[in-house]
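# Geometric and topological summary
As a plain string of letters, each chain reads:
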Amino acid sequence: MFQQNTFDRHLLDIAGGGHKSPENELELIREDEYESKSGTDIMENASGDDQDPDQRAKKKRYHRHTQNQIQEMESFFKECPHPDDKQRKELGRRLGLEPLQVKFWFQNKRTQMKAAHERHENTQLRNENEKLRAENIRYKEALSNATCPNCGGPAAIGEMSFDEQHLRIENARLREEIDKISGIAAKYVGKQALTFPHLPAGSSRSIDLGVGSFGSQSGLTGEMYGASDLLRSVSAPSDADKPVIVELAVTAMEELLRMAQAGDPLWITNPDSPSETLSEEEYFRIFPRGIGPRPLGLKSEASRESAVVIMNHVNLVEILMDVNQWCSVFSSIVSRAMTLDVLSTGVAGNYNGALQVMTAEFQVPSPLVPTRENYFVRYCKQHADGTWAVVDVSLDSLRPTSISRCRRRPSGYLIQELPNGYSKVICVEHVEVDDRAVHTIYKPLVNSGLAFGARRWVATLDRQCERLASVMANNISASDVGVISSPEGRKSMLKLAERMVVSFCTGVGASTAHTWTTLSGSGADDVRVMTRKSMDDPGRPPGIVLSAATSFWLPIPPKRVFDFLRDENSRSEWDILSNGGLVQEMAHIANGRDPGNAVSLLRVNSANCSQSNMLILQESCADSTGSYVIYAPVDIVAMNVVLSGGDPDYVALLPSGFAILPDGPNNQSGGILDVGSGGSLLTVAFQILVDSVPTAKLSLGSVATVNSLIKCTVERIKGAVLSEGQQ
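Residues numbered from 1 in each chain as written. Predicted model: local features only at pLDDT ≥ 70, side-chain atom pairs only at ≥ 80, totals over all residues. Heavy atoms only, no water.

### Considering the side chain of Asp434
We count it as follows: By the criteria applied, helices consist of DSSP H or I runs no shorter than four residues and strands consist of E runs no shorter than two, each listed in order from the N terminus. Categorising residues by exposure relies on relative accessible area from a 1.4 Å probe, with only protein chains included: less than 20% of the type maximum marks a residue as buried, more than 50% marks it as exposed, and the intermediate range marks it as partly exposed. Identification of polar contacts relies on pairs of N or O atoms within 3.5 Å, with a donor-acceptor requirement for protein atoms, meaning one able to donate a hydrogen and the other able to accept it, and with residues adjacent in sequence counted only if both atoms are side-chain atoms. Note on definitions: a residue-residue contact is assigned when non-hydrogen atoms from the two residues lie within 4.5 Å.
Tracing the backbone through its elements, the reader meets Asp434 in the loop between β13 (423-433) and α14 (443-447). For Asp434, a relative accessible area of 16% puts it in the buried group. A distance of 2.8 Å separates the side chain of Asp434 from the side chain of Arg436, its partner in a polar contact. Not counting chain neighbours up to four residues away, the residues in contact with Asp434 comprise Gly297, Leu298 and Arg405.

### Here we look at the pattern of salt bridges
A pair can form between side chains of opposite charge whenever their charged atoms are brought close. Going by this rule: One speaks of a salt bridge when a side-chain nitrogen belonging to Lys or Arg is within 4 Å of a carboxyl oxygen belonging to Asp or Glu.
Under the defined criterion, the tally for this structure stands at 26 salt bridges. Of the charged contacts, one joins Arg407 and Glu432 as a salt bridge, the two residues approaching to 2.6 Å between their closest N and O atoms. Taken together, the residues span a long stretch of sequence, with Arg407 in strand β11 (residues 406-408) and Glu432 in strand β13 at a distance of 25 residues. Glu432 matches Arg407 in its accessibility class, with the two residues each being buried. The partner of Arg409 in a salt bridge is Glu432, and the shortest N-O contact between them spans 2.7 Å. Residue Arg409 is found in the loop between β11 and β12 (411-417), and its partner Glu432 is found in strand β13; the two are separated by 23 residues along the sequence. Here the salt bridges do not stand alone but share partners, grouping Arg378, Asp392, Arg408 and Glu429 into one network.

### What to know about the confidence of the model for the chain
The following threshold applies: Per-residue confidence from the predictor is reported as pLDDT, a score between 0 and 100.
Summarising the model, the chain shows a mean pLDDT of 78, and 73% of its residues fall at 70 or more. Every residue in residues 156-162 is under pLDDT 50, and counting partners more than four places away or in other chains gives five contacts. Per-residue pLDDT stays below 50 along residues 214-229; that stretch engages in 43 contacts with residues further than four places along the chain or on separate chains.

### Re empty space enclosed by the protein
Keep this limit in mind: The way it works is a 1 Å grid over only the protein atoms, where trapped points that fit a 1.4 Å probe form a cavity and open points with protein on both sides within 12 Å along at least five of seven lines form a pocket, and then any residue with an atom within 4 Å of a point lines it. Grid points are joined across faces, edges and corners, and a volume is the space filled by probe spheres set on the points. Amino acid classes used here: Ala, Val, Leu, Ile, Met, Phe, Trp, Tyr, Cys and Pro are nonpolar; Asp, Glu, Lys and Arg are charged; the rest, including Gly, are polar.
Applying the stated criterion to the full structure yields 10 cavities of 30 Å³ or more. Ser328, Ser331, Arg463, Gln464 and Val501 are, among the 15 residues lining the second largest cavity, the residues nearest its centre. At the level of secondary structure, the elements contributing two or more residues to the lining of the second largest cavity comprise α13 (323-329), α15 (454-472), α16 (487-508) and β20 (614-623). For the lining of the second largest cavity, a count of residues per class yields six nonpolar, five polar and four charged.

### A look at the environment of Gly701
Inspection of the secondary structure assignment puts Gly701 in helix α19 (residues 700-726). The spatial distance from the C-alpha of Gly701 to the C-alpha of Val690 is 9.8 Å, given a sequence separation of 11 residues.

### Quick word on the packing of α15 against α16
Filter applied, for reference: Here the axes come from fitting lines to C-alpha atoms, over the contacting stretch only for helices, and the angles between their N-to-C directions go from 0 to 180 degrees.
Running from N to C, α15 and α16 point in directions that differ by 150 degrees, and their axes come no closer than 9 Å. Across the interface between the two elements, Arg467, Ser470, Val471 and Met472 from α15 touch Arg490, Lys491, Leu494, Ala497 and Glu498 from α16. Within the contact of α15 with α16, the residues separate by chemical class into four nonpolar, one polar and four charged.

### With respect to the nonpolar core
Rules: Residues enter a nonpolar core if they are buried and are Ala, Val, Leu, Ile, Met, Phe, Trp, Tyr or Cys, with the set joined through side-chain atoms within 4.5 Å.
Of all hydrophobic cores here, the largest spans 46 residues; its most connected members are Trp326, Phe330, Tyr442 and Trp457. Residues in contact with Phe330, not counting those within four places in the same chain, are Leu320, Tyr413, Trp457, Thr460 and Leu461.

### Re the packing of aromatic side chains
Quick note on the threshold: Note on ring pairs: Phe, Tyr and Trp rings are taken, using the six-membered ring of Trp, and paired if centres are within 6.5 Å. Classes follow the plane angle, with under 30 degrees stacked, over 60 edge-to-face and the rest tilted.
Under the defined criterion, the tally for this structure stands at 12 aromatic pairs. An angle of 90 degrees between the planes, with centres 6.1 Å apart, marks the rings of Phe76 and Phe106 as edge-to-face. One end of the pair, Phe76, is in helix α4 (residues 67-79); the other, Phe106, is in helix α6 (residues 99-144), with 30 residues separating them in the sequence. Taking relative accessible area as the criterion, Phe76 reaches 22% and is therefore assigned partly exposed. The class for Phe106 is buried, based on a relative accessible area of 1%.

As structure tokens, then:
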């Protein structure tokens, strides 16, 4: 069942090229990158002082092309440097090579030719730069010795405006030339481009809040913040690394299949709960290769979960392989992600064989739980029985100088097609992580595996598949009530709510993209605040936005807290901004089996006759691993456009809301006495526009007002749910 198919063998043949250091790579380019050993096999030791001694002692067998093969491909390259699939197959058949081996040889050859061309261009640019420098010096000398044409005396500054302008143009051109040369030289010298210095952690004062920028909504996947950000510092893999990545991906795929389908003794069933425990001893016996032993200071987390979801296998694979869709569907888990390089787009017009190098940051919706950053390869493959598999595995071995707090052993999904558009999904999550920085009240949740484990991924996917099915529905369900009169208006409202949820989730966690500042002496649980500028984004109001968040424990089951916060009839008990007004549901869209999964449009009827009524867009969603109540005030005119089927992207939103998580595995008997005994972990997060001018300075009064608002809201919620729980 687990034999490699032809595609795997092709990839492994390519991986035989070995891993070369940058010094060796340059030496091969200077001499002859394609030297032949006439069919002999070369034995090379693994390089790197940081490798395990046992691994260093092992030897690998590498394959070299014969002199005849190289001459034939060199000759063909002169005629056609970009052969198509048919030409590669014919050339490979004639030379006894696989088509992928021919493809990689031509890619490397084109890289070699490009490098030679750029070195030549570099020399020309340097010569031109020297000429420009000399010309610039002559201009400066002429400027210093210039005389007035009328009186013969020294020229006044105003009379040299034309020459000054000319010098400015020349200087700008010189800077561009220098930047271009520096960029080209960096490719060969191996030095990274200069980065702006950044202040060390803790150097800023408590009230000196870092001001970031929202950027566009697409910044979720494409924009990285912070000069010291680990995700930003990772670059695309070099050509020398690619064969190693291919071999690692193929091995990881084999491991994922066995991990997803194996039973005892690899997975040990817990008699007290439905969860399974991975036997580490059995794991290392079955998979001795892998990515090496567990580093010191990291602990292992392994989990497996399965479910039947209402989505066909093709769409599921597309969601996992498209980074933008992946971030949107799993916005509560994936705070940021980026595709660094696509090594293969797949074959036959689908994702079979697709291979891409990625970075991602995983979160729990609370500032008290540090995020987990990963640099990994994602590999997708369709197997002989028709099932699809998508596997991730860390590439930390390719950047040995970095210190990783989390690395992914082979993890991913096995997807089996079922009738009527359904799919069976098996998820395996296997990571090694340093979680010592997790706050005390979240430790039982994290240790149970519910925070980052397979159960949370599958529960989120199941809930999101139901939501997507609701979005795609063309008819208006009988459960949808209120002012929605057309399918177009329904879709626009759901799309607006989706953007609201994504915006909330990306701003509530402990992502390294954020700069949270803790306010001391608040009199309640620690409140963390940060400010961000909103500019040129039609989806947000312009100005300075102050975000505030706090997390705390409640001795109340999560379901009861969720029902209280989502109910419009109890909203006046905690929502200070509603000012005691009557809250009425104007529209309701059910988007899941759980009655709590819905999008609503609420109208707050002000108790004060002089104040206008307010509209609030709200989405509530729940699954077995957590629940959310997210809302945002919306403009009445803009909302009318949305309800008529208009574009929701231009509706300005500043979402606030709640994330409700269980405080642990919830398998204890008896009452809720302490953290981990069946209570709730509640995160309250607000976003307030404190100034409509983006360049304005943040005042201490604004911080105090928001701090007071969130403190009062927390006290109201505690009072309401605790008194309700005692009844």
